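# A closer look at the structure
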Amino acid sequence: MSKGNINISTENIFPIIKKFLYSDHEIFLRELVSNATDATLKLKHLFSIGEAKGEYGTPQIEIKIDKKKKTLHIIDQGVGMTKEEVEKYINEIAFSGAEEFVEKYKDKIEDSGIIGRFGLGFYSAFMVADKVEILTKSYKKGSQAVRWECDGSPVYTLENIDKKEIGTEIILHISKEEKGFLEENKINELLTKYNRFMPISIKHGTREETKTIGEGDDAKEEKTIVDNIINNPTPAWTKKPSDLKEEDYKSFYRELYPMQFEEPLFNIHLNVDYPFHLTGILYFPRITKNMDIQKDRIQLYQNQVFVTDNVEGIVPDFLQMLRGVIDSPDIPLNVSRSYLQSDGAVKKISGYITKKVADKLNSIFKKDRKDFEAKWEDIKLIIEYGMLSEDKFFDKAQKFALYPMVDGANYTLEELKKKIKDNQTDKDDNLIVLYTSDKDKQHSYIETAQAKGYKVVLLDSPIVPHLIQKLETENEKVKFTRVDADFIDNLIKKEDTKISKLSDDEKSKLEGIIKEVVPAEKYTVQMEALDSSENPFIITQPEFMRRYKEMSQTGGGMMGMGEMPEMYNLIINTNNPLMDKILKAKKNKAKYVNQALDLAKLSQSLLTGKEMTEFIKRSFELMK
Ligand code: ADP
Ligand code: MG
């Protein structure tokens, strides 16, 4: 047996490991299982190139708890280590990494993921153990098995032992404070969280399986005890897209999110080798109102080891609502988030994902437009948000972003422009896109517009005011106007003169009567000679006022606009026969005006409460 001092100048590293990395102590298991996996993959490779002789079979990693001895065992059938290798990789190299780590990050450890980057992986065991043993035998011919032991001081012991099987067993003597790691449930939970998709089978405990033996009446159920395998070593994202069917993607989704009962809308298989490595599968979920975005997020893996489900900075904001898996050995996982955001490689990854998503959407659009149109309602929020926040995505989305008409048709902006060019170009050569944010509330305005042959788009996402602002900036001479922004002839102004049935004298008399009744702080009265079949009173709210107000409400820098009082225009159609009636009435002038005003309010869904009660009363009275 030999004793030695671990090669280290920093006085004692263990208190530092324990103190700084305390918050994330559970990652020790991920690190040790990763090491076991690396060792197994190495030996697998050596077999495949004939460097190791014979058959490897199907190696496993086993995690065992010994409650009596208070130990946790991680056992692999990998390459193992010779005595010299233990001295080199465990005593020297790992610690030089540790030293570098301590030196650099003494004061500012933000992200304990940093541990792996400096070869501190193995030593994370000391976060939870008072004493650690390594029993190992190298695959190399005639190797002597050894046992290394260290109790958290810089002193280790190394001795020869009898060990027949090739591979390594790490024994952690779990400390009192960390005894939770001796619970089956806890270990199961951690293995499921971090190691669910690792490439080597991981065994932990046993479970009962019921098998049916025999057939028909002779069939018998038999219970057998089988190994409990934690992981799926070949998850879908590691396979070639050409080897996967639609159903495989769906079943992988269920595997990832067992508590999700909704099927995903579609998936995007990511696969890139250059200038970085990245694989993965992203899913578009059906966006529902009560969806919990914090739950079931995109998961980030590094070579099939789970790292985090916080992909901020790696996946662009607008795609954070997607689900699925991203796996990349090239993302510098072990550094802080602020560093991540300024990292060039990470920016490229984010750009790649954006492009891939846009391409996929475009290909679905082209391949099966009906299907794409059917899904639009569920995906539009993500797409519209993407158009608003990423210019590159905006450009690509021009090809597939849909503008649904209230009559059921779906057009791209280019298609829509062609459709409305003849009828909806105003006298200043602006192309006016009419839209509604609520088919029911703005119903009468939609009808009036449609009667003129105008097309009305349904745009009802909360970010629409911002989006159309952007669309107007990007498309010169295209203006978006909500159907209730003005009376019909003013929505799209054309060169035609209006003939008024009333004389100027009558007009000003009428205006006086109306202004006496209508509250001036709420309505700007506007006398217009419209078509006589047009409603007598029409309430409108100018597009730009309303839009800025909405933008400030949903966040967008228009400070103060949100507190502006509600102001409306009250358009009086002087050509409607009702005007004559008001002018000539001997009594009840105010009643008629109020009634017409309430009806106008009603068609804007503005009539409620006391006003509604009065309106109903007055209506009955007028019927007498
Ligand atoms: P890293 O995995 O980043 O190299 P670690 O501290 O986790 O750093 O491990 C240090 C080294 O110890 C490994 O590179 C490997 O050579 C050796 N090692 C650790 N665990 C095992 C194991 N189970 N089998 C074989 N070698 C191992
Ligand atoms: Mg490691």
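Just so it is clear, the structure is predicted and the values come from calculations on it, not from any experiment.

Another point: the sheet that holds strand β21 (residues 537-540). Sheet architecture is open: three strands sit in the order β20-β22-β21, paired in mixed fashion. The open sheet has two edge strands, β20 (523-528) and β21, and neither has a second partner. Between one strand axis and the next, the sheet turns through 25° on average, direction left out of account. Strand direction decides the pairing type here: β21 and strand β22 (residues 568-573), joined by four bridges, are antiparallel. Considered in β22, the bridge of threonine 540 is made with asparagine 569.

Before going further, it helps to spend a moment on the pattern of salt bridges. As enumerated under the stated definition, the model contains 44 salt bridges in all. In this structure, arginine 30 and glutamate 31 form a salt bridge, with 3.2 Å as the shortest nitrogen-oxygen distance. There is no split in this pair, since arginine 30 and glutamate 31 are both buried. When the shortest N-O distance is used, the salt bridge between glutamate 189 and lysine 186 registers 3.8 Å.

Turning our attention to the sheet that holds strand β13 (residues 305-308). Strands sit in the order β10-β11-β14-β12-β13 across an open sheet of five strands; the sheet is mixed. If you trace the sheet from one side to the other, it starts and ends with β10 (266-272) and β13, each paired once. Strand-to-strand, the axes of this sheet are offset by a mean angle of 20°, without reference to chain direction. Relative to strand β11 (residues 278-284), β10 runs antiparallel, the two sharing seven bridges. Residue pairing for β11: histidine 269 is matched across the bridge by isoleucine 281.

This paragraph deals with the packing of aromatic side chains. A ring pair, where both rings are aromatic, is described by two values, the distance of the centres and the angle of the planes. Scanning all chains against the criterion turns up 24 aromatic pairs. Ring geometry for phenylalanine 197 versus tyrosine 301: centroids 5.8 Å apart, planes at 65°, classification edge-to-face. With phenylalanine 197 in the loop between α5 (184-194) and β8 (201-213) and tyrosine 301 in strand β12 (residues 299-302), the pair connects residues that are 104 residues apart, well separated along the chain. For tyrosine 301, a relative accessible area of 0% corresponds to the buried category. Seen from their ring centres, phenylalanine 372 and phenylalanine 400 are 6.1 Å apart, and the 70° between their planes marks the pair as edge-to-face. A residue pair is termed long-range when its members are at least 10 positions apart, and phenylalanine 372 in helix α9 (residues 369-389) and phenylalanine 400 in the loop between α10 (391-397) and β15 (403-404) qualify at 28 residues. When the ring centre of tyrosine 257 is taken as origin, the NZ or CZ atom of arginine 323, which lies over that ring, is 5.9 Å away. Between lysine 470 and the ring centre of phenylalanine 394, over which it is positioned, the NZ or CZ distance is 4.8 Å.

Right, let's talk about the confidence of the model for the protein chain for a bit. Here the protein chain averages 88 in pLDDT, while 88% of its residues score no lower than 70. Across residues 108-119 the pLDDT falls below 50, and counting only partners more than four positions away or on other chains, this stretch makes 33 contacts in the model.

Time to look at the environment of aspartate 330. Structurally, aspartate 330 is set in the loop between β14 (323-327) and α7 (337-342). With relative accessibility at 32%, the residue aspartate 330 sits in the partly exposed group. With 52 residues separating them along the chain, aspartate 330 and leucine 278 place their C-alpha atoms 7.6 Å apart. Among residues more than four places away in sequence, those in contact with aspartate 330 are Phe276 and His277.

Rules behind the numbers
Residues numbered from 1 in each chain as written. Chains lettered and ligands numbered in written order. Predicted model: local features only at pLDDT ≥ 70, side-chain atom pairs only at ≥ 80, totals over all residues. Heavy atoms only, no water. Pairing = 2+ DSSP bridges. Helix = DSSP H or I, 4+ residues; strand = E, 2+ residues; numbered from the N terminus. Axes fitted to C-alpha atoms, helices over the stretch in contact; angles between N-to-C directions. Salt bridge = Lys/Arg side-chain N within 4 Å of Asp/Glu carboxyl O. Buried < 20%, exposed > 50% of the residue type's maximum accessible area, 1.4 Å probe, protein only. Phe/Tyr/Trp six-rings, centres within 6.5 Å; stacked < 30°, edge-to-face > 60°. Lys NZ or Arg CZ within 6 Å of the ring centre and 35° of its normal. pLDDT = per-residue confidence, 0-100. Contact = heavy atoms within 4.5 Å.

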